[in-house]
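The residues making up each chain are set out below.
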Amino acid sequence: MANVRKNNAIALVDCNNFYASCERVVNPELYKRPVVVLSHNDGIIISRSNEVKALGVPMTAPLFQYRDLLERHNTAIISANHGLYYEFSHRVIDVLNDDIGANKLELYSIDEAFIDAGVPDKLPFLGRHIKNTIFEKTKIPVSVGIATTKTLAKLANKIAKKSAKADGVLDLYNSPHIDLALKKTAVGNIWGIGPRSAVKLNAVGIKTAYELKLSEPDRIRMHLNQFGSRTVLELNGIPCLSMEISERTNKSIAHTRTFGHPMTELDELREAVYYFTTRVLEKMRWNNLATKTVEVFANTDRFKPVPYYYKGKHTYHSVYHSDVTSEIYAWVTICLEKIYRPGMKYRKAGVVLTDLVSPDDVPYRLFDQRKFERQHHLGKLIDEVNYRYGRDVVRSASLKEKGGWQGKSEHRGNDSYHAIGRDVLGLGKTYSKSVRFL
DNA sequence: TCTGGGGTCCTAGGACCC
DNA sequence: TCTGGGGTCCTAGGACCC
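Note that the coordinates shown come from a computational prediction; the quantities given were computed from them, not determined experimentally. (Residues numbered from 1 in each chain as written. Chains lettered and ligands numbered in written order. Predicted model: local features only at pLDDT ≥ 70, side-chain atom pairs only at ≥ 80, totals over all residues. Heavy atoms only, no water.)

The axes of two packed helices give the description: the angle between them and the distance between them. Packing of helix α6 (residues 150–162) against helix α11 (residues 226–235) brings their axes to within 7 Å, and their N-to-C directions diverge by 70 degrees. The angle between the axes of α6 and α11 places the two elements in the roughly perpendicular class. Of the residues in α11, those in contact with Lys150, Thr151 and Leu152 of α6 are Thr231, Glu234 and Leu235. The class makeup of the residues in the contact of α6 with α11 is two nonpolar, two polar and two charged. (Axes fitted to C-alpha atoms, helices over the stretch in contact; angles between N-to-C directions. Helix = DSSP H or I, 4+ residues; strand = E, 2+ residues; numbered from the N terminus. Parallel < 35°, antiparallel > 145°, perpendicular 65-115°, else oblique. Contact = heavy atoms within 4.5 Å. Nonpolar A, V, L, I, M, F, W, Y, C, P; charged D, E, K, R; others polar.)

As structure tokens, this is what we get:
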């Protein structure tokens, strides 16, 4: 009995209203007003201050549906500035590493990290310490949830954020209140149980997280999938999702955009897709990767399926890996010609790279190996120049400077921080783990 | 007029081989 | 003219997350 080994506690540190909070730190006037941050194209709302949440504005709501309400409440409406958020993300992680001394840390997203909290006897103090220290050093408010598994830590964090009593910190590690918390939680609010799964579970009488906890894992696997059955175990305090401490390289890298206006002509579409290709290759080479498979897609407007919603997509599999712009332009061109249909009004397109490996691990080519190496090094040089002197100072002749496909971002403020954007290619050298932007 | 972008993992079903 | 079954790989699509 005395030898029962306890699992380590997992703490989830999650920044509150992260993008909106960052905007407030750099512009304290915004503390006096509600704040929303908009996606690319100013299309939808991707971050809300507490006041906006209280107005009932949901996450990822289209701006136009709530614009009047927001303006009536004098809301600051701001276009996203990913460079800024990236910078703040760094600051928060640095505090966790340097000031908190988190030895095992998994960067889960731009505003969240799991930390292995060991088996301490003073967990509530740890949670409070983390929250206070991060706020003191960065002015970013965070919530901390602590539990035996990631799924429970996620839940603890969610409750910590909402509950006035918890005040941003909740320890469910060995807490007698776990079941009570689970009984009060709708099953769809569990991490990994989305709306579709919630409907399925409700249909078989499972409405709360507690009812899911009591379910037979195999039965849940039948209704959902194996991730569902793991969730059951996690709710029972049995860890199935381990901490991913080590560096992870991306399995895919993409650049996709909705156009400012619909496009019909192949030339126009090609221009946009080449531009996207340039951006995605920039990201790829920044991460020191090469690709073998490119996918290009172009869709019409899904909200106006006239005459019908067309989703064109083609994947090109090359024999060789490459990071050479001219080669990959050729692959992209093949894809584009396969998917293009005259007369369609394209609203969105993108380029996705998969089969990514380090250029050092690329097998030798039977032919043209030396040419490839020359081009590979030339590409590196061009990236270097563009990094130093500005994006696309050196660019392919087929790449236009500016196209009608570009959307709008009218709610920009604080332009000095937008300069950071160039350093932020989505994934970074110093940022060891993949970071997904919202 | 207006409805994002970047990821991951899982599964069912088809192609193909023996 | 009859007509198997098992294994593997690949792909498209679904679901989820931030």
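Applying the stated criterion across every chain, the model contains 23 salt bridges. For the salt bridge of Asp167 with Arg128, the shortest nitrogen-to-oxygen distance reads 3.4 Å. Of the two residues, Asp167 sits in the loop between α6 and β8 (169–171) while Arg128 sits in helix α5 (residues 123–138), which places them 39 residues apart along the sequence. By relative accessible area, Asp167 is classed as partly exposed at 45%. Given a relative accessible area of 29%, Arg128 falls into the partly exposed group. (Salt bridge = Lys/Arg side-chain N within 4 Å of Asp/Glu carboxyl O. Buried < 20%, exposed > 50% of the residue type's maximum accessible area, 1.4 Å probe, protein only.)

What follows deals with the packing of aromatic side chains. Going through the model one piece at a time under the given rule, you end up with twelve aromatic pairs. Between Tyr19 and Tyr85 the ring centres are 4.0 Å apart and the planes differ by 10 degrees, which places this aromatic pair in the stacked class. Here the residue Tyr19 occupies a position in helix α1 (residues 18–26), and Tyr85 occupies one in helix α4 (residues 82–99), the gap between them amounting to 66 residues. A relative accessible area of 4% places Tyr19 in the buried class. Measuring from ring centre to ring centre gives 6.3 Å for Tyr310 and Tyr346, while their planes differ by 65 degrees; the resulting arrangement is edge-to-face. Note that Tyr310 is positioned in the loop between β10 (291–300) and β11 (311–322) and Tyr346 in strand β12 (residues 346–354), a separation of 36 residues in sequence. Residue Tyr310 is classed as buried on the basis of its relative accessible area of 11%. Among the aromatic residues, ring-to-ring pairing joins Phe18, Tyr19 and Tyr85 into one connected group. Sitting above the plane of the Phe114 ring, Lys150 keeps its charged end 4.8 Å from the centroid. (Phe/Tyr/Trp six-rings, centres within 6.5 Å; stacked < 30°, edge-to-face > 60°. Lys NZ or Arg CZ within 6 Å of the ring centre and 35° of its normal.)

What follows covers the side chain of His255. Positionally, His255 belongs in strand β9 (residues 252–263). Overall, His255 belongs to the buried group, its relative accessible area being 9%. Residues contacting His255, with those up to four places away along its chain left out, are Phe276, Arg279, Val280, Lys283, Ala349, Gly350 and Val351.

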